[in-house]
Amino acid sequence: MTPIPSMRWPDHLFLIGCGNMAGQMLSRWLDCGLDPARVTVLRPSGRPVADGVTVITDYPSALPAGTTVLLGMKPYQIADVAAALAPLCRADTPIISILAGTTLADLRARFPAARDIVRAMPNLPVGLGEGVTALFTDATTGQTGKADVEALIQPLGLAEWIADESLFNQVTALSGCGPAFLFRFADALARAGEAIGIPADQAARMALATVQGSANMAARASAHAGDSPAILADRVASPGGMTRQGLNVLDADDRLLTLLTDTLAAARDRGEAMARGE
Ligand SMILES: NC(=O)c1ccc[n+]([C@@H]2O[C@H](COP(=O)([O-])OP(=O)(O)OC[C@H]3O[C@@H](n4cnc5c(N)ncnc54)[C@H](OP(=O)(O)O)[C@@H]3O)[C@@H](O)[C@H]2O)c1
């Protein structure tokens, strides 16, 4: 991977937790040229992360100057983490939280000294630089703080600032959880192929390649010609042909739309419950 020369990295990055999600973010940053010597990861297991990255299992007595903190552990661990971490944070310690269902007000209450606090909701393809990250902050965070976080998020893929935090659980449902819904769709497409007689391994290969090619095509069509996925679906469907018959099943009574709306609503509701501490 060629480093992106214009990248602006924090002087130091301190990750609290480095599992599935924060691990993908860090992997992409390292691929894009972040010096591993500038990174410290705190994880209870002490498992190595990447060559040159310092891994610790307990909090240091102080943070190096210019440290940006990324909260990447599970949301329910915030009380314990904040009790140990907040005394180390100063006004000029930016904090980025990827914790689902943890509000900015909650973060501000737990890290009262920090000025720049940003909620970020990435998704797993950030590891490829093809992710989506929703961002939210408030007026207390300075413009420079916002710009620094945006610069850090930029190599991960699409970054979208959300104006209204009350929509954060909705965007988390769409793009944060979205890869799981797409993976489920790809799996169901393969199993449906098997159900109508295609050998299982062949159906799995063909379903995955169909999802991959179609997603790439949809992205290009949108960027180059402004053609939406809905238009592309109609382009596959010859009048009176096979695809139309299949689409009629998905479209009947808005079946697929209703299913996905219910899916996103359930994920959103869980985020709201988590914010209430449930
Ligand atoms: N997974 C996703 O797609 C996704 C997407 C967006 C946001 N998120 C958010 O990302 C966060 C992490 O999710 P995940 O899926 O990456 O979970 P995960 O794979 O289980 O990773 C959790 C990490 O937290 C560490 N950890 C455990 N206890 C800790 C403690 N007491 N103090 C500090 N670190 C601790 C773990 O350490 P060890 O490595 O040593 O076990 C691990 O590195 C969650 O807040 C979630 O809401 C996840």
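Residues numbered from 1 in each chain as written. Predicted model: local features only at pLDDT ≥ 70, side-chain atom pairs only at ≥ 80, totals over all residues. Heavy atoms only, no water.

Enquirer: When you look at the UniProt feature "domain: Pyrroline-5-carboxylate reductase catalytic N-terminal" (unreviewed entry) in the chain in this model, what are you seeing that I'm missing?
Expert: Following the UniProt record, the feature "domain: Pyrroline-5-carboxylate reductase catalytic N-terminal" (unreviewed entry) maps to residues 15-101 here. Here residues 15-101 runs as 23% helix and 20% strand, with 19 Å between its end C-alpha atoms. (UniProt positions renumbered as here; feature names shortened; annotations may be inferred. Helix = DSSP H or I, 4+ residues; strand = E, 2+ residues; numbered from the N terminus.)

Enquirer: Sorry if this is basic, but what is going on with the site of the ligand here?
Expert: With respect to spatial proximity, 23 residues lie near the ligand, and among them Cys18, Arg43, Ser45, Met73 and Gln77 are the closest. At 2.8 Å from an oxygen atom of the ligand is found a main-chain nitrogen or oxygen belonging to Met21. Separating an oxygen atom of the ligand from a side-chain N or O atom of Lys74 is a distance of 3.2 Å. Protein contact buries 78% of the 900 Å² of open area that the ligand shows by itself. Of the residues in the shell around the ligand, the class split is 14 nonpolar, 6 polar and 3 charged. (Near = heavy atom within 4 Å. Polar contact = N/O pair within 3.5 Å; in protein donor to acceptor, adjacent residues only side chain to side chain. Areas by Shrake-Rupley, 256 points an atom, 1.4 Å probe, with all protein chains shown as cover. Nonpolar A, V, L, I, M, F, W, Y, C, P; charged D, E, K, R; others polar.)

Enquirer: Explanation requested: the pairing of strand E8 (residues 157-161) in the structure shown.
Expert: Residues in a regular strand point their side chains to alternate faces of the sheet. Note: strand E7 (residues 131-136) against E8, 5 bridges, orientation parallel. Bridged to Thr133 within E8 is Ala159. As for the winding sense of the linkage, the β-α-β connection from E7 through helix H4 (residues 143-153) to E8 is right-handed. (Pairing = 2+ DSSP bridges. Right-handed = clockwise from strand over helix to strand, strands pointing away.)

Enquirer: Even after reading the chapter, I still don't get the packing of aromatic side chains, so can you show me in this structure?
Expert: Think of a pair of aromatic rings as described by two things: how far the centres are apart, and how the planes are tilted against each other in angle. Scanning the model with the defined rule gives 0 aromatic pairs in all. One cation-aromatic arrangement involves Lys146 over Trp161; the distance from NZ or CZ to the ring centre is 4.6 Å. (Phe/Tyr/Trp six-rings, centres within 6.5 Å; stacked < 30°, edge-to-face > 60°. Lys NZ or Arg CZ within 6 Å of the ring centre and 35° of its normal.)

Enquirer: Just checking my understanding: could you explain the UniProt feature "domain: Pyrroline-5-carboxylate reductase dimerisation" (unreviewed entry) in the chain for this structure?
Expert: Sequence positions flagged by UniProt for "domain: Pyrroline-5-carboxylate reductase dimerisation" (unreviewed entry) are, in local numbering, residues 165-273. The annotated region residues 165-273 carries 83% helix and 0% strand content, and the separation between its end C-alpha atoms amounts to 15 Å.

Enquirer: Explain the state of the cysteines here, please?
Expert: Joining two cysteines, a disulfide is a covalent bond between their sulfur atoms. This structure, assessed with the given rule, holds 0 disulfides. Cys18 supplies the cysteine sulfur nearest to Cys32, a cysteine that is in no disulfide, at a spacing of 16 Å. In this structure Cys89 is a free cysteine whose sulfur lies 18 Å from that of Cys18, the closest cysteine sulfur available. Residue classification places Cys89 among the buried positions, given a relative accessible area of 6%. (Disulfide = S-S within 2.5 Å. Buried < 20%, exposed > 50% of the residue type's maximum accessible area, 1.4 Å probe, protein only.)

Enquirer: What is the right way to read the side chain of Ser97 from this model?
Expert: Considering the arrangement of structural elements, one finds Ser97 in strand E5 (residues 95-97). Among the residues examined, Ser97 registers a relative accessible area of 1% and is labelled buried. A distance of 3.2 Å separates a polar atom in the side chain of Ser97 from the backbone nitrogen of Leu99. Aside from chain neighbours lying at most four places away, what touches Ser97 is Leu71, Leu107, Val118, Arg119 and Ala120. (Contact = heavy atoms within 4.5 Å.)

Enquirer: Looking at this model, I keep getting lost on a nonpolar patch on the surface. Mind explaining?
Expert: There is a patch of nonpolar side chains on the surface, built from Leu182, Phe183, Phe185 and Leu189 and spanning about 400 Å² of accessible area. Its place among the elements puts Phe183 in helix H6 (residues 178-195). You can call Phe183 exposed: its relative accessible area is 53%. (Patch = residues over 30% accessible without salt bridge, like charges linked within 9 Å, V, L, I, M, F, W, Y side chains within 5 Å. Salt bridge = Lys/Arg side-chain N within 4 Å of Asp/Glu carboxyl O.)

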